[in-house]
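# Summary of structural features
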Amino acid sequence: MQRDGTPPMSALPHSSPPAAPPELHIASMVVHAAPRRLPDVRQAILSISGAEIHGASDSGKLVVTLEAPSTDDMMARISEIQRLDGVLASALVYQHADSLDAMNEEIDDGNGS
């Protein structure tokens, strides 16, 4: 007890901040690889969790999407792609993050379905 009769601060109940709801982060990027290294770069990108390749050109350009559960995970995956042997450049085209619940919410398409 303190002199004024109140309990010491450490005796007060501590409440933890509520856990943040699970999130989903989605990003798309264009990756430019050396054409002669394109097969290796494709294989390496496809081995990254949450990565998909949606298009490729013979000149070495790839359209890639990534999904990750957090900003840190997304940044790690983008950095991993940028550091791949044979990658000349990459550009983030789109990024979105929201709670997993919001991402899974059904939206009325205006046609009553």
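Residues numbered from 1 in each chain as written. Predicted model: local features only at pLDDT ≥ 70, side-chain atom pairs only at ≥ 80, totals over all residues. Heavy atoms only, no water.

By the naming in an unreviewed UniProt entry, the protein chain is Chaperone NapD, taken from Achromobacter insolitus. The UniProt entry for the protein chain carries this comment under Sequence similarities (unreviewed entry): "Belongs to the NapD family." Under the Subcellular location (unreviewed entry) heading, UniProt states for the protein chain: "Cytoplasm". (UniProt positions renumbered as here; feature names shortened; annotations may be inferred.)

## What about the nonpolar core?
Counting residues in hydrophobic clusters, the biggest one holds 19 residues, and the most contacted among them are Met-29, Val-31, Ile-45, Leu-62, Val-64, Leu-66 and Ile-81. When contributions to this core are tallied by element, the ones reaching two or more residues are strand S1 (23-33), helix H1 (38-46), strand S2 (51-56), strand S3 (61-68) and helix H2 (71-82). Beyond its immediate sequence surroundings of up to four residues, Leu-66 is in contact with His-25, Ile-26, Ala-27, Met-29, Gly-50, Ala-51, Met-74, Arg-77, Ile-78 and Ile-81. (Core = buried A, V, L, I, M, F, W, Y, C linked by side-chain atoms within 4.5 Å. Buried < 20%, exposed > 50% of the residue type's maximum accessible area, 1.4 Å probe, protein only. Helix = DSSP H or I, 4+ residues; strand = E, 2+ residues; numbered from the N terminus. Contact = heavy atoms within 4.5 Å.)

## Considerations on a nonpolar patch on the surface
A contiguous nonpolar patch, built from Val-30, Val-63, Val-93 and Tyr-94 and spanning about 350 Å² of accessible area, is present on the exposed surface. Its location among the elements puts Val-93 in strand S4 (residues 87-99). (Patch = residues over 30% accessible without salt bridge, like charges linked within 9 Å, V, L, I, M, F, W, Y side chains within 5 Å. Areas by Shrake-Rupley, 256 points an atom, 1.4 Å probe, with all protein chains shown as cover. Salt bridge = Lys/Arg side-chain N within 4 Å of Asp/Glu carboxyl O.)

## Observations regarding the sheet that holds S3
In space, the 4 strands of this open sheet follow the order S2-S3-S1-S4, with antiparallel pairing throughout. On the outer flanks of this sheet lie S2 and S4, each paired with one strand and no other. On average, each strand axis in the sheet is tilted by 20° relative to the strand beside it, whichever way the strands run. In the sheet, S1 pairs with S4 via 11 bridges, with the strands oriented antiparallel. Paired with His-25 across the strands is Ala-97, a residue of S4. (Pairing = 2+ DSSP bridges. Axes fitted to C-alpha atoms, helices over the stretch in contact; angles between N-to-C directions.)

## Concerning the pattern of salt bridges
Summed over the entire model, instances satisfying the criterion amount to 2 salt bridges. For the salt bridge of Arg-37 with Asp-40, the shortest nitrogen-to-oxygen distance reads 3.3 Å. Under the relative-accessibility criterion, Arg-37 is labelled buried at 18%. Among the residues examined, Asp-40 registers a relative accessible area of 43% and is labelled partly exposed. Put simply, Asp-85 and Arg-37 hold a salt bridge, and the shortest N to O gap is 2.6 Å. A residue pair is termed long-range when its members are at least 10 positions apart, and Asp-85 in the loop between H2 and S4 and Arg-37 in the loop between S1 and H1 qualify at 48 residues. What makes Asp-85 exposed here is its relative accessible area of 57%. Because the salt bridges share partners, they merge into one network encompassing Arg-37, Asp-40 and Asp-85.

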